[in-house]
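Structural characterization, general
Below, each chain spelled out in residue letters.
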Amino acid sequence: MNIRDILKENPLVLAPMAGITDFPYRMICRELGAGLVFSEMVSVEALIREHKRTHGMLHTDPAERPVVFQIFGSKPESMADAARIVSQGAADFIDINMGCPVPKVLKSGAGSALLRDIGLAGEIMSAVVNASRIPVFVKIRLGWDANNIVAKDLARVAESAGIAAITVHGRTKAQGFSGNADWGMIRTVKDSVAIPVIGNGDVRSACDARRMLDETGCDGVMIGRAIQGNPWIFREAKQYLETGVMPPHPTDEERQAIMLRHLRDMVRLVGKDVGVREMRKHLCWYTKGLHGGAEFRTRINRLSEMADVKQEITGFFSALRSSAPVAQQV
Ligand SMILES: Cc1cc2nc3c(=O)[nH]c(=O)nc-3n(C[C@H](O)[C@H](O)[C@H](O)COP(=O)(O)O)c2cc1C
């Protein structure tokens, strides 16, 4: 699969998000319009030790392709071993995480820590590219902090190492998620390399996606936090990019159907106990801003039986329908 063609057809990319972009949610986003989906980050050390849960994270289905599996680690040999494992499966691409700012990941020398050691970052990229049977991407931040911006240099190193595409989150490690993503720097990276660049940071609507493409010249637009409880952002952005017209927001019926389907698929994948627990945050996000949502969220966080959760969802939407203002008879 050629990443350039994929992004040309549909530049909308689902971000890798730990605890969120698992198989059930990737399928939903893909069906609603994402052109390319990223997995949660997977630890190479756990993968190599054949950790059962970690291998479960590699679960996929032809219907979600093209799919990118993201790995994180700090040792070129382990990264290469993990790349062999991942590329023997059904993934289309491997992505190397060089942006995660979580202390536990940094302590192991992975994620954003690699922004401070371009030499090692380059070694890792070469090792993974050489070991992998499928194309390899890298996802970076701008640098460690405002005084150490390395995005342009690192992108060039990536290109020389044979990386097929680069995602740039327009913040430094020090920023975490604060401040605004610097789209100007994404443009700088785009102008510095010939490989496709996926822009990331602060895309919260279909209009933002259009603006990111126009302002940075990037090949793809990655959407992260705005997908929480809102997979329809892909449908809206896709239609808006294609026609300039914004489709209507999801109806309550669609919202209910996706919530029930998400619950069902999650439970199928990880079992009832874990599935119901994992779904709580999603169900809370899905009902943000809806009438009666706060009470729903309090109740849902106390339930542990799937049947009760289903009933709560159905009850919430029937209450919502009956509380909606009835159209005036003329
Ligand atoms: C809860 C959460 C989990 C994340 N997990 C990952 C991850 O596993 N790998 C990764 O590269 N980035 C991860 N990110 C960063 C996002 O992929 C993305 O770069 C960031 O949220 C900026 O994009 P946004 O402004 O659209 O949210 C995560 C972000 C959040 C909020």
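To start, this report covers the structure provided alongside it. These figures come from a predicted structure and were not determined experimentally. (Residues numbered from 1 in each chain as written. Predicted model: local features only at pLDDT ≥ 70, side-chain atom pairs only at ≥ 80, totals over all residues. Heavy atoms only, no water.)

Attention now moves to the overall build of the protein chain. Broken down by element type, the protein chain carries 15 helices and eight strands. For 330 residues, the compact-globule formula gives about 20 Å, and the C-alpha radius of gyration of the protein chain, at 20 Å, lands near that figure. Each principal axis of the C-alpha distribution contributes one length, and for the protein chain these read about 70 × 45 × 35 Å. The burial tally for the protein chain puts 55% of its 330 residues in the buried class. A total accessible area of about 14700 Å² is found for the protein chain, and carbon and sulfur atoms account for 50% of it. Placing the 42 positive and 37 negative side-chain charges of the protein chain at their respective mean positions leaves the two points 3 Å apart. (Helix = DSSP H or I, 4+ residues; strand = E, 2+ residues; numbered from the N terminus. Rg over C-alpha atoms; globule rule 2.2 N^0.38 Å. Buried < 20%, exposed > 50% of the residue type's maximum accessible area, 1.4 Å probe, protein only. Areas by Shrake-Rupley, 256 points an atom, 1.4 Å probe, with all protein chains shown as cover. Lys, Arg positive; Asp, Glu negative; His and termini not counted. Charge placed at Lys NZ, Arg CZ, Asp CG, Glu CD.)

Among the residues making up helix H8 (residues 151–161), those that are buried are Ala151, Leu154, Ala155, Ala158 and Ala161. Buried residues of H8, seen end-on, are gathered within an arc of 125 degrees and therefore sit on one face of the element. Buried residues along H8 sit against helix H7 (118–131), strand E5 (136–141), strand E6 (165–169) and helix H9 (183–192). (Arc of directions from axis to C-beta. Contact = heavy atoms within 4.5 Å.)

Here the structure, examined in full by the defined rule, presents zero disulfides. Cysteine Cys29 is unpaired, with the sulfur of Cys284 as its nearest cysteine sulfur at 18 Å. For the unlinked cysteine Cys207, the closest cysteine sulfur is that of Cys218, found at 16 Å. (Disulfide = S-S within 2.5 Å.)

A word on the packing of helix H12 (residues 252–270) against helix H13 (residues 272–286). Following both chains from N to C, one finds H12 and H13 inclined at 155 degrees, their axes separated by 8 Å at the closest point. Between H12 and H13, the crossing angle belongs to the class labelled roughly antiparallel. The two elements H12 and H13 cross, and the hand of that crossing is right-handed. Mapping the contact onto sequence places Arg255, Ile258, Met259, His262, Leu263, Met266, Val267 and Val270 in H12 and Lys272, Val274, Gly275, Val276, Glu278, Met279, His282, Leu283 and Tyr286 in H13. Residues that form the contact of H12 with H13 fall into these classes: 11 nonpolar, three polar and three charged. (Axes fitted to C-alpha atoms, helices over the stretch in contact; angles between N-to-C directions. Parallel < 35°, antiparallel > 145°, perpendicular 65-115°, else oblique. Left-handed = near helix turned anticlockwise from the far one by under 90°. Nonpolar A, V, L, I, M, F, W, Y, C, P; charged D, E, K, R; others polar.)

Residues in contact with the ligand amount to 17 residues; listed here are only the nearest, Ala18, Gln70, Asn200, Asp202 and Arg225. Ala18 places a polar main-chain atom, nitrogen or oxygen, 2.8 Å from a nitrogen atom of the ligand. The fraction of the free accessible surface of the ligand (610 Å²) that becomes covered by protein chains is 87%. Looking at the shell around the ligand residue by residue, the classes come out as eight nonpolar, six polar and three charged. (Near = heavy atom within 4 Å. Polar contact = N/O pair within 3.5 Å; in protein donor to acceptor, adjacent residues only side chain to side chain.)

This part covers the sheet that holds strand E3 (residues 67–72). Taking strand neighbours around the barrel as the criterion, the eight strands line up as E1-E2-E3-E4-E5-E6-E7-E8 in a closed arrangement whose pairing is parallel. For this sheet the average axis-to-axis angle between neighbouring strands, irrespective of direction, equals 25 degrees. Pairing analysis gives five bridges linking strand E4 (residues 93–98) to E5, with the strands arranged parallel. Bridging from a neighbouring strand, Asn97 pairs with Lys139 of E5. Against the sheet, H7 makes contact with E4 and E5, and its axis sits at roughly 165 degrees relative to E4, the strand it touches most. Across the face of the sheet, H9 comes into contact with E6 and strand E7 (197–200) while running at roughly 175 degrees to E7. (Pairing = 2+ DSSP bridges.)

Once that is clear, we can look at the environment of Ile186. As for its position among the elements, Ile186 is in helix H9. Along the backbone, Ile186 and Lys75 are 111 residues apart, and their C-alpha atoms lie at a distance of 27 Å. Setting aside anything within four residues of it in sequence, one finds Ile186 in contact with Val168, Gly170, Val197, Gly199, Asn200, Met212 and Thr216.

The next subject is the nonpolar core. Ranked by size, the top nonpolar core spans 105 residues in total, and within it Leu36, Ile96 and Met125 carry the most contacts. Each residue touching Met125, except ones within four places of it in the same chain, is listed here: Ile96, Met98, Val138, Leu154, Val157, Ala158, Ala161 and Ile163. Residues Phe72, Cys100, Val105 and Ala110 belong to the second largest nonpolar core, which totals five residues. (Core = buried A, V, L, I, M, F, W, Y, C linked by side-chain atoms within 4.5 Å.)

Before going further, it helps to spend a moment on the pattern of salt bridges. Under the defined criterion, the tally for this structure stands at 20 salt bridges. When the shortest N-O distance is used, the salt bridge between Glu215 and Arg211 registers 3.3 Å. Of this pair, Glu215 and Arg211 are both found in helix H10 (residues 206–216), four residues apart, which corresponds to roughly one turn of the helix. Residue Arg211 is classed as partly exposed on the basis of its relative accessible area, which comes to 39%. (Salt bridge = Lys/Arg side-chain N within 4 Å of Asp/Glu carboxyl O.)

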